[in-house]
Amino acid sequence: MNNFSRRNFLRKTSIAAATTSLGMGCSTTYRTNLITNRKPVIISTWAFGKPANELALQILQDGGSALDAVEQGIRLVESSGNTSVGLSGKPNAAGVPQLDACIMNGPGHSAGSVAGIEGVVHPITAARLVMEKTPHVMLVGQGARWFSEQQGLKIIDNSQDEKRYAAWLAKQKNNSQNKVKKPDNHDTVTLIVLDNNGDIAGGCSTSGLSGKIPGRVGDSPIIGSGLYVDNEVGAAGATGLGENVMRYCASYQVVENMRQGMSPTEACSETIKRIARTDPLGMDLGINFIAINKQGEFGAAGTQANFPYSITTKEFSEVRKGQALSNAHQKEGGNER
Ligand code: ASP
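Let me begin by describing the structure that accompanies this report.

Criteria and cut-off values
Residues numbered from 1 in each chain as written. Predicted model: local features only at pLDDT ≥ 70, side-chain atom pairs only at ≥ 80, totals over all residues. Heavy atoms only, no water. Helix = DSSP H or I, 4+ residues; strand = E, 2+ residues; numbered from the N terminus. Buried < 20%, exposed > 50% of the residue type's maximum accessible area, 1.4 Å probe, protein only. Contact = heavy atoms within 4.5 Å. Near = heavy atom within 4 Å. Polar contact = N/O pair within 3.5 Å; in protein donor to acceptor, adjacent residues only side chain to side chain. Nonpolar A, V, L, I, M, F, W, Y, C, P; charged D, E, K, R; others polar. Pairing = 2+ DSSP bridges. Axes fitted to C-alpha atoms, helices over the stretch in contact; angles between N-to-C directions. Core = buried A, V, L, I, M, F, W, Y, C linked by side-chain atoms within 4.5 Å. 1 Å grid on protein atoms, 1.4 Å probe; cavity = no way out; pocket = protein on both sides within 12 Å on 5 of 7 lines; lining within 4 Å. Points joined across faces, edges and corners; volume = space filled by probe spheres on them. Salt bridge = Lys/Arg side-chain N within 4 Å of Asp/Glu carboxyl O.

When you go through the protein residue by residue, the secondary structure sums to ten helices and 14 strands. For the protein, the residues scored as buried account for 54% of the 337 residues in total. Residue pairs at least 24 apart in sequence account for 66% of intrachain contacts in the protein once pairs closer than 6 positions are excluded.

The next subject is the site of the ligand. Around the ligand sit His186, Asp187, Thr188, Gly208, Leu209, Arg216, Gly218, Asp219, Ser220, Thr239, Gly240 and Gly242, and those are all the residues in its vicinity. A distance of 2.7 Å separates an oxygen atom of the ligand from a polar atom in the side chain of Thr239. A per-class count over the shell around the ligand returns one nonpolar, eight polar and three charged.

Let us now look at the sheet that holds strand β4 (residues 138-140). Overall, mixed pairing links the eight strands, which are arranged β4-β3-β2-β6-β5-β1-β11-β12 in an open sheet. Edge strands, defined here as strands with exactly one partner in the open sheet, are β4 and β12 (317-321). For this sheet the average axis-to-axis angle between neighbouring strands, irrespective of direction, equals 10 degrees. Pairing of strand β1 (residues 41-45) with strand β5 (residues 189-194) involves four bridges; the strand directions are antiparallel. Note on β5: the bridge partner recorded for Ser44 is Leu191. Of the strands in this sheet, β2 (99-105), β5 and β6 (200-206) touch helix α4 (residues 66-78), which is tilted by about 20 degrees from β6. Here helix α5 (residues 123-133) sits on the sheet and contacts β2, β3 (110-117), β4 and β6; the angle it forms with β3, its principal contact strand, is near 135 degrees.

Further remarks concern the nonpolar core. Counting 41 residues, the largest nonpolar core has Ile43, Ile192, Ile272, Phe289, Ile292 and Tyr309 as the members making the most contacts within it. Of all hydrophobic cores here, the second largest spans 21 residues; its members include Leu57, Ile59, Ile74 and Ile103.

Glancing now at the pairing of β1. Walk down a regular strand and you will see the side chains alternate between the two sheet faces. With five of its five residues buried, β1 lies for the most part within the structure. Here β1 shows a buried face lined by Val41, Ile43 and Thr45 and a second buried face lined by Ile42 and Ser44. Here four bridges tie β1 to strand β11 (residues 308-312), and the two strands are oriented antiparallel to one another. Of the residues in β11, the one forming a bridge with Ser44 is Ser310.

The subject of this paragraph is empty space enclosed by the protein. Inspection of every chain in the model, using the stated rule, returns one cavity of 30 Å³ or more. In this model, the largest cavity occupies a volume close to 90 Å³. If you go around the largest cavity, you meet 14 residues; those closest to its centre are Thr188, Thr206, Gly208, Asp219 and Gly240. A per-class count over the lining of the largest cavity returns one nonpolar, nine polar and four charged.

What the rule picks out here adds up to eleven salt bridges. Of the charged contacts in the structure, one is a salt bridge between Arg145 and Glu149, with a shortest N-O distance of 3.8 Å. Of this pair, Arg145 and Glu149 both sit in helix α6 (residues 141-150), separated by four residues, roughly a single helical turn. Through salt bridges with shared partners, one network takes in Asp68, Glu71, Arg128 and Glu132.

So, in structure tokens, the structure goes:
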């Protein structure tokens, strides 16, 4: 793997680019001067992100990197029995959980991702290994599993758990008989860390949509859709109906909005409004975003009422509600500054 090391590959291909990026020095200095003392800050999707945030904080306090904090925080959710993340997550239409995950490191702008992977206990670690040990960004399906095996990751043969699948089918039937309009059929842990040095890393992990067609890949492992990190500006990540995120490269858009000066909450809500303006679904998109900027400001917004997200600093660790957007009205949530 060494001859193919990612670092060498990137170094060779980026020498020309390096000279042109020298002009960025000014903006980097400007951003650095604006950094406040509120660091580290850890943000994640949903209430189940809170213990992951707290572990991430501990990792940082023990001297780990932002990347270590992201990986360990997400691993905690992957092995917690969560019904939307890891092998305990939702089965696809063939009764098999196919998992998606990605990770991004601000310094060096590196990224790794796995999609449609089966049997791997910690897809977030597989994504990190893709980033660090290969010249590639994304591996899918059998290849991603083969690579994980080569790297010594824990694999469980969960090809088809008939009992679990039968229970899942019965629940779906029950939901439709009870006319449940919005079954809780998917979630993602997306976790972003701003460390003491002002560096940012982030990751996502999910089993994706419940009952999806085998091979379906959502937004979560797609860089720029389910997650985007720009170490000069900030980072954003998504949870919700992946098809409505990935058609718009939405996390990238949130970060670009912050680059234009919007607060994290504004950047999330303006992204959703922009999508809703052109999309036939309007605000019925089923999408939610979290964001953090380089200064430690953070926020969230979603089309789901009261989208919960978790936020952790040295001073507090809480579950808060993102700004809610809908067709009928727009409830103004607080800007988290
Ligand atoms: N975004 C995920 C997907 O579409 C699911 C979720 O976050 O609810 O696969």
